[in-house]
Amino acid sequence: QAKVFKLRWSRVLQLRARMHAQPAIWFHAAFACQTGLLVGYSLCFIGTLLVNVQRALQLCYPCPNDDYSDAALAECTCGDKAFAVSSVSITAVVGGLMGGWVADTAGRRRTIIMLDVLFIAGSLAMALSGPGSRHAFFGGRMLTGLAIGGSSTAAAYLSEIAPANIRGMLVELNELGLGIGCVLAPLVSTLLGETRWRLIVGLIILPAGLQLLAFATLLQESPIWLAKQGLVDEAKEAAETLGLDLYERQNDADPARQMATGQEEDGEEVKGKPSSKCREKGTQRALALALGCGLGHAATATNTVLYYSRNILTRGGVEQTLLATLAVDAMKLLGILTSVFLVERVGRRRLLLVGTFFIVLGHAGMAVAFAGETENSQMALVSLGVFIYAWNISWSGLMLLVAAELLPTSIRGLGLGAVYSVYWAVSGLEEQTLSKTFREFTVSGTFAFYGGLSFLTLLFVAFFIPETGEKIYGKLEDLAQEDEASLETESTNVSSHSEKVAQ
């Protein structure tokens, strides 16, 4: 036990030394993580303000019995109301592919600037909408969806400016920004009043404008991306500004560092190998696992439950729904903080396994809470809290992190965009059909169904996802460029890993 304690303490000291030794990286990361803040705020304000937006834009009017109380509006559903929620997910599918392509061709930095412009335009369109111009609100939500879909670029950027030993923490900090945004949305609603929803939505302009200004004038492009484009001198300059020690050979020398200096291990200069030069089999295997992460994450229906959290609590008989929503968002933030603390200590795979297991339990608890003739409000609230916490120690931040570590550099931007597109496509379908499934299969049956899908996700992680925390960038890319014998060896190793887990 003493040896284990000394080992863990030495890792903490090494991490602290790394943080103090590279302040430029943390400066860049602080601005990059504002993407998470923008995404979180944009995703979570609709759950808090949906009833007031519905009333202000007269969505689903007239309601039965002309009852327009909060409880009645929560029950009053129609296509416009569903689209006000799901339109973000629909356009996020396009945004993921578009943003990924732009990130790989124009660069991570320019893509993030483009996303800020979309966030600002979407915010203005929603804030200026009214009963006679509800389509402006829908248009604003769609622009925001494009930005959210492309936000995976921030994960690619963070993972490429970070040393391997803090890469997971930096990408998780972006998710922490998302959690803070989710907490700020209901908190600002409480402070300003939910009826002032246009002002609450318009506040997105402030962090988006600050990030746009910083990336346009101060921050460096990813040295990994620059080197991939053959811009070796620019890559070296960016790396020096960031304080990355790319020249010191270490026992576990990172191939990404060698790429950024323009040198492979054999001393040959790298001119930015395009995806067309990657061997198809190795790239397809990495991409298939990454896309599986997006599909598995979406199968848990976590984003849909977050969107409709207030409506779910209202259906469950919770009276103080705004305070309950704040408590749920606090659980989200606590889960992210837990993941930030554990991701480099416990590993990605273990967090995914534990988190998915408790997601299944959360679905089961909510299915039981809504099963009787009278809803169990306390069980619904506790189950939802467990569900949100489990999501945020696992898939919420780890989907993009694991996918980024699986994908080769040459297609990382496009690959992450595709992962996000798969996730948002399935999530959009779930959001668009949730009200209907509640009616057709009951609330309890719906949660039981998604609990079953979440169990399949648990099996996917157990049998197919390896631990990626110890992988160094370039490893899978190197495998994709080796001969067929090497690729067959890697495939055998993955199969052996699955067999061991099954045993």
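Right above here is the structure, for reference.
Every value quoted in this text rests on a predicted model; they were computed, and no experiment measured them.

How do you make sense of a negative patch on the surface when you look at a structure like this?
There is a patch of like negative charges on the surface, built from Asp-233, Glu-234, Glu-237 and Glu-240. Looking at the secondary structure, you find Glu-234 in helix α13 (residues 232-242). For Glu-234, a relative accessible area of 38% translates into the label partly exposed.

What am I meant to see in the pattern of salt bridges here?
The final tally for this structure, using the stated rule, is seven salt bridges. Salt-bridge contacts for Glu-160 lead to Arg-108; the nearest nitrogen and oxygen are separated by 2.7 Å. Here Glu-160, found in helix α8 (residues 152-161), pairs with Arg-108, found in helix α6 (residues 108-127); they are 52 residues apart in sequence, far enough to count as distant. There is no split in this pair, since Glu-160 and Arg-108 are both buried. Of the charged contacts in the structure, one is a salt bridge between Arg-348 and Glu-344, with a shortest N-O distance of 3.2 Å. When its relative accessible area of 25% is taken as the criterion, Glu-344 is described as partly exposed. Each of the salt bridges in this network shares a partner with another, and the network as a whole consists of Asp-104, Arg-108, Glu-160 and Arg-412.

What is the right way to read the nonpolar core from this model?
Counting residues in each nonpolar core, the largest one holds 113 residues, and the members touching the most others are Phe-45, Phe-137 and Phe-447. When residues in this core are grouped by element, the largest group, twelve residues, is from helix α3 (residues 34-57). Those residues in contact with Phe-45 that sit more than four places away from it in its chain are Met-126, Arg-141, Ala-185, Val-201 and Ile-204. Formed by five residues, the second largest nonpolar core is a distinct cluster that contains Trp-225, Leu-226, Ala-227 and Ala-238.

I would appreciate a short explanation of a nonpolar patch on the surface in the present structure.
Together, Val-354, Phe-357, Phe-358, Leu-361, Val-382 and Val-386 make up a nonpolar patch on the protein surface, roughly 500 Å² of accessible area in all. Contributing elements (two or more residues each) for the nonpolar patch: α19 (348-369) and α20 (377-392).

Reading the values: rules and limits
- Residues numbered from 1 in each chain as written.
- Predicted model: local features only at pLDDT ≥ 70, side-chain atom pairs only at ≥ 80, totals over all residues.
- Heavy atoms only, no water.
- Patch = residues over 30% accessible without salt bridge, like charges linked within 9 Å, V, L, I, M, F, W, Y side chains within 5 Å.
- Areas by Shrake-Rupley, 256 points an atom, 1.4 Å probe, with all protein chains shown as cover.
- Salt bridge = Lys/Arg side-chain N within 4 Å of Asp/Glu carboxyl O.
- Lys, Arg positive; Asp, Glu negative; His and termini not counted.
- Charge placed at Lys NZ, Arg CZ, Asp CG, Glu CD.
- Helix = DSSP H or I, 4+ residues; strand = E, 2+ residues; numbered from the N terminus.
- Buried < 20%, exposed > 50% of the residue type's maximum accessible area, 1.4 Å probe, protein only.
- Core = buried A, V, L, I, M, F, W, Y, C linked by side-chain atoms within 4.5 Å.
- Contact = heavy atoms within 4.5 Å.

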